[in-house]
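# Coordinate analysis (summary)
Okay, here's what each chain looks like letter by letter:
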Amino acid sequence: GAGVSQSPSNKVTEKGKDVELRCDPISGHTALYWYRQSLGQGLEFLIYFQGNSAPDKSGLPSDRFSAERTGGSVSTLTIQRTQQEDSAVYLCASSSRVAKNIQYFGAGTRLSVL
Amino acid sequence: GESVGLHLPTLSVQEGDNSIINCAYSNSASDYFIWYKQESGKGPQFIIDIRSNMDKRQGQRVTVLLNKTVKHLSLQIAATQPGDSAVYFCAEIRTSYGKLTFGQGTILTVHP
């Protein structure tokens, strides 16, 4: 596709359920990033992939959060046993390996935990 | 800890005026400083960046200034248009690490 694609665009779930968020990066981009944007907050980094490996996962808030990337392309962010404080917009971005300063963002997945 | 912050949370201007959005940063080890624009319901959109060894960079209607002495970054938008209304975030990156560290954001409102 022409841009970064995220699905679903909206997700409503009950507290305690697991959710999976998907990101399709721009074709050819080897670097992929997940960020979280909470209401009234800025964007906070979660995890960074280079290819299929994650050199930096320092932003994952707890062990309920995990992410994987397969085939150097699609990535999924999984949140287990969701809590109300997990409600936020989850944004995915991708970049080329040599231009990490220019990250292209998807529209995000708005997660609401009831 | 390391942070990138903004002086003003909101800015209102008239169409045609020039806008200046400011940002303070604390991490001197950053390689690039970047401005992103975020419209409602969309992800952030890259506007312009500047390398840490530069002090000015111009794009189309936008100019970014970097003052390393006082750790200050600004975005100037010339002849602001209603379509410029959005939240503007400054960010910094050390490219060896990959992650962007964002400031809080400034809401720019352009009145016709």
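Higher on the page you've got the structure.
So, here's what we can say about the structure. (Residues numbered from 1 in each chain as written. Chains lettered and ligands numbered in written order. Predicted model: local features only at pLDDT ≥ 70, side-chain atom pairs only at ≥ 80, totals over all residues. Heavy atoms only, no water.)

Looking only at helices and strands, one finds zero helices and 11 strands in chain A. Going from the N terminus to the C terminus, chain A shows its helices and strands as β-β-β-β-β-β-β-β-β-β-β. Here the C-alpha atoms of chain A give a radius of gyration of 13 Å, agreeing with the 13 Å that 2.2 N^0.38 yields for 114 residues. Each of the three principal axes of chain A carries a C-alpha extent, and together these read 40 × 25 × 25 Å. Among the 114 residues that make up chain A, the fraction classed as buried is 49%. Across chain A, every contact between residues at least 6 apart in sequence was considered, and the portion connecting residues at least 24 apart equals 54%. For chain A, the centre of its 12 positive side-chain charges and the centre of its 10 negative side-chain charges are spaced 3 Å apart. (Helix = DSSP H or I, 4+ residues; strand = E, 2+ residues; numbered from the N terminus. Rg over C-alpha atoms; globule rule 2.2 N^0.38 Å. Buried < 20%, exposed > 50% of the residue type's maximum accessible area, 1.4 Å probe, protein only. Contact = heavy atoms within 4.5 Å. Lys, Arg positive; Asp, Glu negative; His and termini not counted. Charge placed at Lys NZ, Arg CZ, Asp CG, Glu CD.)

Attention now goes to the sheet that holds strand β3 (residues 19–24) of chain A. Residue and element names in this part refer to chain A. Taking strand neighbours across the sheet as the criterion, the four strands line up as β1-β3-β8-β7 in an open arrangement whose pairing is antiparallel. Single-partner strands in this sheet number two, and they are β1 (5–7) and β7 (65–69). Pairwise comparison of adjacent strand axes, ignoring direction, gives a mean angle of 15 degrees for this sheet. The sheet contact formed by β7 and strand β8 (residues 75–79) spans five bridges and is antiparallel. Each residue of the ladder has a partner; that of S66, found in β8, is T78. (Pairing = 2+ DSSP bridges. Axes fitted to C-alpha atoms, helices over the stretch in contact; angles between N-to-C directions.)

Moving on to the interface of chain A and chain B. Between chain A and chain B, the residue contacts involve 17 residues of the former and 21 residues of the latter. Here chain A packs against chain B, burying approximately 1400 Å² in sum over the two surfaces, 58% of which is carbon and sulfur. At the boundary of chain A and chain B, one finds six residue pairs in polar contact (both at pLDDT 80 or more). Considered class by class, the residues forming the side of chain A that touches chain B number nine nonpolar, six polar and two charged. (Buried area = accessible area lost by both parts, 1.4 Å probe. Polar contact = N/O pair within 3.5 Å; in protein donor to acceptor, adjacent residues only side chain to side chain. Nonpolar A, V, L, I, M, F, W, Y, C, P; charged D, E, K, R; others polar.)

Note that soluble globular proteins tend to have their nonpolar side chains buried in a common cluster. Counting residues in hydrophobic clusters, the biggest one holds 20 residues, and the most contacted among them are B:W35, B:L73, B:L75, B:Y88 and B:L108. Within the residue set of this core, elements represented by two or more residues are β2 (10–14), β3 (19–25), β4 (32–38), β5 (45–51), β7 (62–67), β8 (72–77), β9 (86–93) and β11 (106–111) of chain B. A:V19, A:L32, A:L77 and A:L111 belong to the second-largest nonpolar core, a separate cluster that totals 19 residues. (Core = buried A, V, L, I, M, F, W, Y, C linked by side-chain atoms within 4.5 Å.)

Glancing now at the side chain of A:T109. Residue and element names in this part refer to chain A. Examined against the element boundaries, T109 turns out to sit in strand β11 (residues 109–113). Taking relative accessible area as the criterion, T109 reaches 0% and is therefore assigned buried. A polar contact is formed between the side chain of T109 and the backbone oxygen of P8, at a distance of 2.5 Å. Not counting chain neighbours up to four residues away, the residues in contact with T109 comprise Q6, S7, P8, S9, K11, L21, A88, V89 and Y90.

Geometry only, nothing functional implied.
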